[in-house]
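Results of the structural survey
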Amino acid sequence: MVRRWCIPLAGAALVIGSLACAPAAAAGRAPHAPASVHQVRPGGRMIRPGSTAGHGLPRNQQQSSNWSGYAATGSFTSVSANWTEPTGHCTSATRYSSFWVGLDGFNSNTVEQTGSEVDCSGGSPVYYSWYEMYPAFPVNFSNTVRPGDKFFGSVTFNGGSSYTLVLQDITQGWKHTVHKSLTGAANSSAEVIAEAPCCTASGGILPLANFGTVNFSNAKANGSAIGNSSPVQIDMVDNSGRLKDQTSALSGGGSFSDTWLRAN
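These remarks concern the structure in this document. As the structure is a prediction and not an experimental result, all values here were calculated from the model. (Residues numbered from 1 in each chain as written. Predicted model: local features only at pLDDT ≥ 70, side-chain atom pairs only at ≥ 80, totals over all residues. Heavy atoms only, no water.)

1. Considerations on the packing of aromatic side chains
Using the criterion set out here, one finds ten aromatic pairs in the structure. Here Phe99 and Phe211 contribute two aromatic rings whose centre-to-centre distance is 5.2 Å and whose plane-to-plane angle is 80°, an arrangement assigned as edge-to-face. In this pair, Phe99 is assigned in strand β4 (residues 98-103) and Phe211 in the loop between β11 (189-195) and β12 (213-221), connecting sequence segments 112 residues apart. Of the two residues, Phe99 and Phe211, neither departs from the other in class, the shared state being buried. With a centroid separation of 6.0 Å and 75° between ring planes, the pair formed by Phe151 and Trp174 is classed as edge-to-face. With Phe151 in strand β8 (residues 150-159) and Trp174 in strand β10 (residues 174-181), this pair connects stretches of sequence that are 23 residues apart. Neither residue differs from the other here; Phe151 and Trp174 are each classed as buried. Taken together, the ring pairs in this structure connect Tyr70, Trp83, Tyr131, Phe141, Phe151, Trp174, Phe216 and Phe256 into an aromatic cluster. (Phe/Tyr/Trp six-rings, centres within 6.5 Å; stacked < 30°, edge-to-face > 60°. Helix = DSSP H or I, 4+ residues; strand = E, 2+ residues; numbered from the N terminus. Buried < 20%, exposed > 50% of the residue type's maximum accessible area, 1.4 Å probe, protein only.)

2. Focus: the pairing of strand β14 (residues 232-237)
Residues in a regular strand project their side chains so that they alternate between the two faces of the sheet. For β14, the tally of buried residues reaches six of six residues, placing the bulk of the element in the interior. Burial along β14 is two-sided: the residues Val232, Ile234 and Met236 and Gln233, Asp235 and Val237 are all buried. With four bridges connecting them, strand β1 (residues 61-64) and β14 associate as parallel partners. Among the inter-strand pairings, Gln63 is bridged to a residue of β14, identified as Asp235. The sheet contact formed by strand β2 (residues 67-73) and β14 spans three bridges and is antiparallel. In the sheet register, Gly69 faces β14, and the bridge partner there is Ile234. (Pairing = 2+ DSSP bridges.)

See below:
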């Protein structure tokens, strides 16, 4: 896979998960991931969405070219959530979508994250899972992922430079616990996100696969419902400001859904 970080077009919603348009070296891919010269995984580093004043949005809402969901800012050592792998609705077009939990990225230069994916390749949905400690390359897990699978994911900062990432497919009965080190992470945000990965050959956001609706539940930051941390609600928009998918209000402090609306 080839990764590029790119500056968003002027006047467009700022890209989360991308900076500066420099290609990176190829990284490994799980055997079942679709072949492509483009990145098919979430771009790690993000740029915080632009000022709410420019969009006329409430302070607790933001717009992004490639993220939707909830992000809390402050000091965080853990984030977790459950979600159900949605069904990909594919045409002949190649498209991408991912669902994850993570620390950092909203207002910092690293992201520690793990999640699942449904991409459209050759007219069929392709399901898989992964973790990433950006700026290191992502790592795909080889386990089977199917639509309807119940997932649990968590990222925990253990102190020093130590992190533990857990991804569990409760339905399929597999679980990965990954211990990694990363120096200099800010631990300044916690996110539960649906994403349109980056990037096209020209540096834009990849078209968002039609995943219907993805449901997140029991989202927590620092062990408490993420709603207790006054999170920002993020909606994904295209360059004209039209919604690409829409994030629901939080229910019970930790449950919400994201619903696909358009690919671009």
